Amino acid sequence: MRLPSSWLLGVAFMFSLASHASGAASPSNAANVNDEPIQQGEYLARAADCSACHRPPEESGQPFAGGYVIASPMGDIIASNITPSREYGIGDYSEAQFKRALTEGIRADGAHLYPAMPYTAYSGLTDDDIHALYSYFMHGVEAVDEPTPETSLPFPFNLRVSMAAWNFLFLDDAYTHDPEQSDTLNRGRYLVDTLGHCSACHTPRNALMGENNDRYLAGANVGGWYAPNITSDASGIGNWSVEELVQYLRTGHVENKAQAGGGMAEAIEHSLRYLSDEDLHSMAVYLKQVPPTAIGPAIDVSQAPREVEPVSPATLEPPRNDDPQAMSDGKRTDGQTLYNGACASCHQIDGQGTDDQFYPSLIHNTATQGANADNLIMSVLQGVHREIDDYTVAMPAFGEQLNDEQIAAVSNYVLSQFGNPELEVDAARVTELRQGGPTPLLVKAMPWLMAAGVIFALFVVGLIVFLIRRKRR
Ligand code: HEC
Ligand code: HEC
Ligand code: HEC
């Protein structure tokens, strides 16, 4: 039974929050450095995308130096320095402490980590892989002797101890090898669930910010972007072939189908593009058999849902990209004019994109034919950026030039002409996404929690946790 012990530990810890006891043991494998686990560890660190978060705030900084700010609904969380620096990094972590941080979310000094560190996914890491990762971080990464700023969330989220209760609810059973399944499926599940932590974005969260396992990979909002349903249902990736999935994971671009922006572009740029063909294949095979969760009508972008009415260029106002002022004065809220001025130079007047599809079709596109229009809005607000081995993808951001009404207007034009005409965008949605997406219930409930007093609230949460767990048995 996990609650009472970690709960008590946590409460005890609460009173010693200020005293950062180091309690560090020295690395156990200083002697006998073997290259093989280091190289294996480097590959695993890529697959687990450690560098995506543990990076410095500026591009030029050292890998794994930390300091990068992760915006969470509860406030900003700073990624730690995980270089082998003894003073500012994890140089003093023993392998056992390293394992605990990765799989249980507990720092060497005993403090709970916030789940912005995906330990709920990493809890399934095998001991061999933890050993390889540890070897890599101790011997394959250069130490950076520079401090990172402290994370300071607003009360009551600054009480790290509340994570003990959270873990009790949401730190679920880890990945285990299933001998009934093929090696490919086991490997695919390990890569998707444990290393790739795909569910951190693609599984919706409940009121307490835990992943809702009943809707595993069925689609969720992440910072305004929408990580779509990637279960095998036709409203997910049911109409994708294994080859298309592999190509998407490697490059973020499947012709006449989908492109990766937002957090997906980052996952591809920092992690997925480095994986072996065999590993990407295993992931695709695994995804194709994830039990289907239907979230709406089937999505099949190869079938344009209807004839696109041909638009004669003669009837159109001349493109206006030579005159950004005309757009930014906010007076133009005519979607067609905005589209022809801001988008048609790349995506073409008829929305078909360029012949080579470097500038993609907006007709055969999951961003315009999907379950909602959030990724269409977000790509206009923030643009699309991805660096792949031999080329750079860059759609400019229009968030500065166009106001929310204009973005709604151009989105509605795109949807009605090229995309799913059932979808409609209003300016309020654009405003909401501009601010980082819908606010989770936990944050909305904060004034109430504050009033109730945090100790009382934590006690209630603890009690609920206890009752839910008991009911589950
Ligand atoms: C999605 C973002 C994210 C990813 C991916 C991630 N981390 Fe973290 N990690 C964090 C954040 C944020 C913290 C600090 C959390 C806090 O302060 O509570 C952290 C903390 C840690 C710590 C504790 C360090 C300390 O003493 O402060 C270790 C060790 C660590 N991460 C290792 C890793 C390794 C190894 C990987 C890859 C296998 C990894 N992390 C991947 C976000 C991430
Ligand atoms: C940081 C958040 C994040 C993580 C982690 C992430 N995704 Fe995504 N994913 C997204 C977003 C956002 C999109 C939509 C991108 C777009 O259309 O611009 C997406 C799109 C996709 C798509 C295309 C779906 C469609 O209908 O267009 C697939 C397939 C996919 N992700 C698979 C994965 C897999 C497999 C993993 C784990 C290895 C993963 N994703 C990890 C956020 C994420
Ligand atoms: C300078 C060229 C350029 C302009 C102008 C441009 N785009 Fe794009 N657009 C791109 C590129 C490049 C991509 C991504 C291609 C890739 O990922 O391979 C893209 C992708 C997209 C996507 C898919 C995004 C996703 O993440 O799934 C949508 C939707 C889109 N653009 C809509 C628009 C709209 C609407 C406008 C006008 C407001 C516009 N674009 C203006 C170049 C452009």
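Coordinates for the structure precede this section.
Because the structure is a prediction, the values reported are computed rather than measured. (Residues numbered from 1 in each chain as written. Chains lettered and ligands numbered in written order. Predicted model: local features only at pLDDT ≥ 70, side-chain atom pairs only at ≥ 80, totals over all residues. Heavy atoms only, no water.)

(A) Spatial organisation of helix α12 (residues 277-288). Counted at 1.5 Å a residue, the expected span for α12 with its 12 residues is 16 Å, and the 16 Å between its end C-alpha atoms agrees. Here α12 has its buried residues at D279, L280, S282, M283, A284, Y286 and L287. Each element contacted by the buried residues of α12 is listed here: α2 (35-47), α8 (183-195) and α10 (242-251). (Helix = DSSP H or I, 4+ residues; strand = E, 2+ residues; numbered from the N terminus. Expected span 1.5 Å × (residues − 1). Buried < 20%, exposed > 50% of the residue type's maximum accessible area, 1.4 Å probe, protein only. Contact = heavy atoms within 4.5 Å.)

(B) Quick look at the packing of helix α18 (residues 404-417) against helix α19 (residues 427-434). Between α18 and α19, whose axes approach to 8 Å, the crossing angle comes to 115 degrees. Taken together, the axes of α18 and α19 are roughly perpendicular relative to one another. Regarding α18 and α19, the two cross each other, and that crossing is right-handed. Contact with α18, carried on its side by D404, E405, I407 and A408, involves A427, V430, T431 and R434 of α19 and no other residues of that element. The class makeup of the residues in the contact of α18 with α19 is 4 nonpolar, 1 polar and 3 charged. (Axes fitted to C-alpha atoms, helices over the stretch in contact; angles between N-to-C directions. Parallel < 35°, antiparallel > 145°, perpendicular 65-115°, else oblique. Left-handed = near helix turned anticlockwise from the far one by under 90°. Nonpolar A, V, L, I, M, F, W, Y, C, P; charged D, E, K, R; others polar.)

(C) Fine view of the nonpolar core. In this structure, F98 and F137 are the most contacted members of the largest nonpolar core, which totals 71 residues. With 7 residues, the top contributor of residues to this core is helix α6 (residues 127-139). Here this core spans two domains, since at least three of its residues come from each of domain 1 (33-142 + 159-172) and domain 2 (183-288). Among residues more than four places away in sequence, those in contact with F98 are I90, Y93, I130, L133, Y134 and F137. Core analysis: the second largest hydrophobic core is formed by 28 residues, L362, M378, V414 and L423 among them. (Core = buried A, V, L, I, M, F, W, Y, C linked by side-chain atoms within 4.5 Å. Domains from an automatic or database assignment.)

(D) Representation of unusual backbone geometry. The phi dihedral of D49 falls on the positive side, at around 60 degrees, and the residue is not glycine. With respect to the helices and strands, the residue D49 is situated in the loop between α2 and α3 (50-53). Classification of D49 by relative accessible area gives buried; the value is 11%. Even without glycine at this site, N256 takes up a positive phi of about 55 degrees. Mapped onto the fold, N256 is located in the loop between β5 (253-254) and β6 (258-259). Residue N256 is classed as partly exposed on the basis of its relative accessible area of 33%.

(E) Summary view of the site of ligand 2. Around ligand 2, 24 residues are found, and the nearest of them are C198, C201, H202, G261 and M264. In this structure, an oxygen atom belonging to ligand 2 sits 3.3 Å away from a main-chain N or O atom of Q259. At 3.5 Å from an oxygen atom of ligand 2 is found a side-chain nitrogen or oxygen belonging to N375. Elements that contribute at least two residues to the shell around ligand 2 include exactly α9 (199-202), β4 (225-227), α10, β6, α11 (262-270) and α12. Its residues assigned to classes, the shell around ligand 2 shows 17 nonpolar, 7 polar and no charged. (Near = heavy atom within 4 Å. Polar contact = N/O pair within 3.5 Å; in protein donor to acceptor, adjacent residues only side chain to side chain.)

(F) Up close: the coordination of the iron atom of ligand 2. The protein atoms donating to the iron atom of ligand 2 are H202 (NE2) and M264 (SD), with metal-donor distances spanning 2.1 to 2.2 Å. Accessibility expressed as a relative area gives 9% for H202, which makes it buried. (Donors = N, O, S within 2.8 Å, 3.2 Å for Na, K, Ca; no water.)

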